[in-house]
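Here is what each chain is made of, one letter per residue.
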Amino acid sequence: MNPPLQNDQFLRACLRQPTDYTPLWLMRQAGRYLPEYRASRVRAGNSFMGLATNPDFATEVTLQPLDRYALDAAILFSDILTVPDAMGLGLSFGAGEGPRFAHPLRDEAAVAALRAPDLEHLRYVFDAVAQIRRSLAGRVPLIGFSGSPWTLACYMVEGAGSDDYRLVKTMLYARPDLMHRILDVNAEAVTAYLNAQIDAGAQAVMLFDSWGGVLADGAFQRFSLAYTRRVVEGLKRERDGARIPVIVFTKGGGPWLDALAASGADVVGLDWTVDLGAARARVGSRVALQGNLDPNVLFAPPEIVAQEARAVLDAFGPPQRADGGWDGHVFNLGHGISQHTPPDHVAALVEAVHDHSRHIRQKRK
């Protein structure tokens, strides 16, 4: 049995329950901006996958930002591309390069051969989740995650990151049958993968639809949102008597906020292009919101970081409504933290969010 949570503010915010302050975590909070992470990576053979596939290293790296900052949640240290790697596409990370697949899906035969992976090939992820949960000892909740079916498909067809998504969009428009086949397999795989993380101890899960915003209106609903909804519908939402919140985040997804709020998720993540107060008014009490500071704010001096953090909190407004209800807000960046971010600027952000959100609540009393 895992010990009871000492800090449940993040989970409460996800479920639109009263919180003492606005909880905070950061996408990519365990990563290259921290010198201790860089030291761990050297010990792992200077290999990202050497860290991610070793539960001891994954645990160490996941806990590093929590030892520095008063963050309100931990997120599993892993990568969204572990699932297609387990499908046999041959994931690698070259020195100074992003991820690359040796066997991208470029023809009908490759797509026809695609299958959801045997979850035993991802056992290292579930072992890491269990070990991290034990090591947290109830400090804060643990978030598990996956890439969305569409975002995974982008990498699987392109073979790497892309500036124009030419290959995946060509398939989408010229052979939608092949694209739907890939997305069907991905949805099955992602659902099973996230449920296994929940079984291993994840207390919330997040779907990163990092490339949903590159789609045209209409295409987004058919090729991204439909499969996100399928995953959400298939997830376990309760374990050991506790609700498991689900977060969906589409970078560039502002135009489809209402549809995302109706996806079945508990929380919708927003990038920095969205007016947080207007978004709150649109979604009402349907979902909590997560976000949405521009990550580049963290390059400004600490006093500006604090000022911009306060502005995000003021834009959302007091979480308690006039009718006595509660709207959930989880503070986060609008996308992942940059590897060049000064660590002391993150400290200024965490302090400002906690202090100012407490002040907002005091003013309401």
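All residue numbers here refer to positions counted from 1 along the written sequence of the relevant chain. Given that this is a predicted model, residues contribute local features only at a pLDDT of at least 70 and side-chain atom pairs are listed and counted only at 80 or more, while totals for whole chains, interfaces and linings are drawn from all residues. Excluded from the side-chain calculations are hydrogens and water; all other atoms, namely the structure's heavy atoms, are used.

Asks: Would you mind showing me how to read the overall build of the protein here?
Replies: A tally of regular secondary structure across the protein gives 15 helices and 11 strands. Here the globule rule reads 2.2 Å times residues to the power 0.38, and the radius of gyration is calculated from C-alpha atoms. Relative to a compact globule of 365 residues, whose C-alpha radius of gyration would be 21 Å, the protein shows 20 Å and is just as compact. Across its three principal directions, the C-alpha atoms of the protein cover 65 × 45 × 45 Å. Contacts spanning at least 24 positions in sequence make up 73% of the contacts within the protein whose residues lie at least 6 apart. Within the structure as shown, the protein displays about 14500 Å² of accessible surface, and the carbon and sulfur contribution to it stands at 49%. Charged-residue counts in this description rest on Lys and Arg as positive and Asp and Glu as negative, His and the chain ends being excluded. The location of each charge is read from NZ of Lys, CZ of Arg, CG of Asp or CD of Glu. Within the protein, the 40 negative side-chain charges are centred at a point lying 3 Å from the centre of the 37 positive side-chain charges. The helix count covers DSSP runs of H or I at least four residues long, the strand count covers runs of E at least two residues long, and both are numbered beginning at the N terminus. Pairs of residues are marked as contacts when any of their non-hydrogen atoms sit within 4.5 Å. All accessible areas in this document rest on Shrake-Rupley with a 1.4 Å probe, and a residue is counted as covered only by the protein chains that are shown.

Asks: What's the story with the environment of A306 in this structure? I'm lost.
Replies: With respect to the helices and strands, the residue A306 is situated in helix α14 (residues 302-316). Relative accessible area serves as the criterion here: at 12%, A306 is assigned to the buried category. As a C-alpha pair, A306 and A30 span 276 residues in sequence and 21 Å in three-dimensional space. Relative accessible area decides the class of each residue, using a 1.4 Å probe on protein chains only: under 20% of the type maximum gives buried, over 50% gives exposed, and in between gives partly exposed.

Asks: Quick question: what am I supposed to make of the pattern of salt bridges here?
Replies: Any Lys or Arg side-chain nitrogen found within 4 Å of a carboxyl oxygen on Asp or Glu counts as a salt bridge. Taken as a whole, this structure holds 17 salt bridges when the rule is applied. Among the salt bridges present, the one from R321 reaches D323, with a minimum N-O distance of 3.2 Å. A relative accessible area of 24% places R321 in the partly exposed class. Here the residues in one salt-bridge network are D199, K236, R239 and D240, joined through shared partners.

Asks: Would you take a moment to explain the nonpolar core for this structure?
Replies: Counting residues in hydrophobic clusters, the biggest one holds 130 residues, and the most contacted among them are F10, M179 and L349. Among the elements that make up this core, the one with the highest residue count is helix α10 (residues 176-200) (13 residues). Those residues within four positions of F10 in sequence are excluded, and the remaining contacts are P23, W25, D72, A73, P141, I143, A204, I247, Q290 and V330. Nonpolar cores were defined as sets of buried Ala, Val, Leu, Ile, Met, Phe, Trp, Tyr and Cys residues, with membership established by side-chain atoms within 4.5 Å.

Asks: For this particular structure, what's the right way to read the sheet that holds strand β10 (residues 288-293)?
Replies: Neighbouring strands of a sheet are bound in pairs by backbone hydrogen bonds; such pairs are parallel or else antiparallel. Two strands qualify as a pair provided that DSSP identifies no fewer than 2 bridges between them. With parallel pairing, the 7 strands of this open sheet are ordered in space as β1-β4-β5-β8-β9-β10-β11. Taken across any chain shown, the strands that pair with only one partner, and hence form the sheet edges, are β1 (74-75) and β11 (329-333). Bridge count between strand β5 (residues 204-209) and strand β8 (residues 246-250): 5 bridges; the pairing is parallel. Across the sheet, L207 pairs through a bridge with V248, a residue of β8.

Asks: Teacher, can you tell me more about the pairing of β5 here?
Replies: Consecutive side chains along a regular strand alternate between the two faces of the sheet. Most of β5 sits inside the fold, with 6 of its 6 residues counted as buried. Of the two faces of β5, the one lined by A204, M206 and F208 and the one lined by V205, L207 and D209 are each fully buried. Bridge analysis of strand β4 (residues 142-147) against β5 gives 5 bridges, and the strand direction is parallel. Following the sheet pairing, S146 is matched in β5 by L207.

Asks: What should I look at first to understand the packing of aromatic side chains in this one?
Replies: Two rings belonging to Phe, Tyr or Trp (six-membered ring only in the last case) form a pair when the distance between their centres is within 6.5 Å. Interplanar angles under 30 degrees mark stacking, angles over 60 mark edge-to-face geometry, and anything in between is tilted. Overall, the coordinates contain 7 aromatic pairs when judged by the stated rule. Ring centres of F145 and F208 lie 5.6 Å apart, and the angle between their planes is 85°; on these two criteria the pair is classed as edge-to-face. Here F145 is found in strand β4, whereas its partner F208 is found in strand β5, with 63 residues between them in sequence. Residue class for F145 comes out buried when judged on its relative accessible area of 7%. Ring geometry for F220 against W256: centres 4.0 Å apart, planes inclined by 10°, an arrangement best described as stacked. In this pair, F220 is assigned in helix α11 (residues 219-234) and W256 in the loop between β8 and α12 (257-261), connecting sequence segments 36 residues apart. Overall, the relative accessible area of 0% leaves F220 in the buried class. Taken together, the aromatic side chains of Y37, F48, F77 and F93 make up a single cluster linked through ring pairs.

Asks: Explanation requested: unusual backbone geometry in the structure shown.
Replies: Keep in mind that most residues, glycine aside, have a negative phi and that most peptide bonds are trans. With an omega dihedral of -5°, the bond running from G291 to N292 counts as a cis peptide bond. For N292, the position within the fold is in strand β10. One non-glycine residue with positive phi stands out, namely R28, at about 65°. Turning to its location among the elements, R28 is positioned in the loop between α1 (9-14) and α2 (35-43). The exposure class assigned to R28 is exposed, which follows from its relative accessible area of 53%. One non-glycine residue, N46, adopts positive backbone phi at about 55°. Among the structural elements, N46 can be located in the loop between α2 and α3 (48-52). Among the residues examined, N46 registers a relative accessible area of 55% and is labelled exposed.

Asks: I keep staring at the packing of helix α7 (residues 123-136) against α10 and nothing clicks. Help me out?
Replies: If you want to describe how two helices pack, look at the angle between their axes and the distance between the axes. Contact pair α7 / α10: the axes reach a minimum separation of 8 Å and the direction vectors enclose 35°. Note that α7 runs across α10; the crossing there is right-handed. In contact with V125, F126, V129 and A130 of α7, α10 contributes Y193, A196, Q197 and A200. Residues are grouped as follows: Ala, Val, Leu, Ile, Met, Phe, Trp, Tyr, Cys and Pro are nonpolar; Asp, Glu, Lys and Arg are charged; every other residue, Gly included, is polar. Partitioning the contact of α7 with α10 into residue classes produces 7 nonpolar, 1 polar and no charged. The axes are straight lines fitted to the C-alpha atoms, using for helices just the contacting stretch, and the angles between their N-to-C directions are given from 0 to 180°. Crossing handedness is defined as follows: a turn of the near helix away from the far one that is anticlockwise and smaller than a right angle gives a left-handed crossing, while the clockwise case is right-handed.

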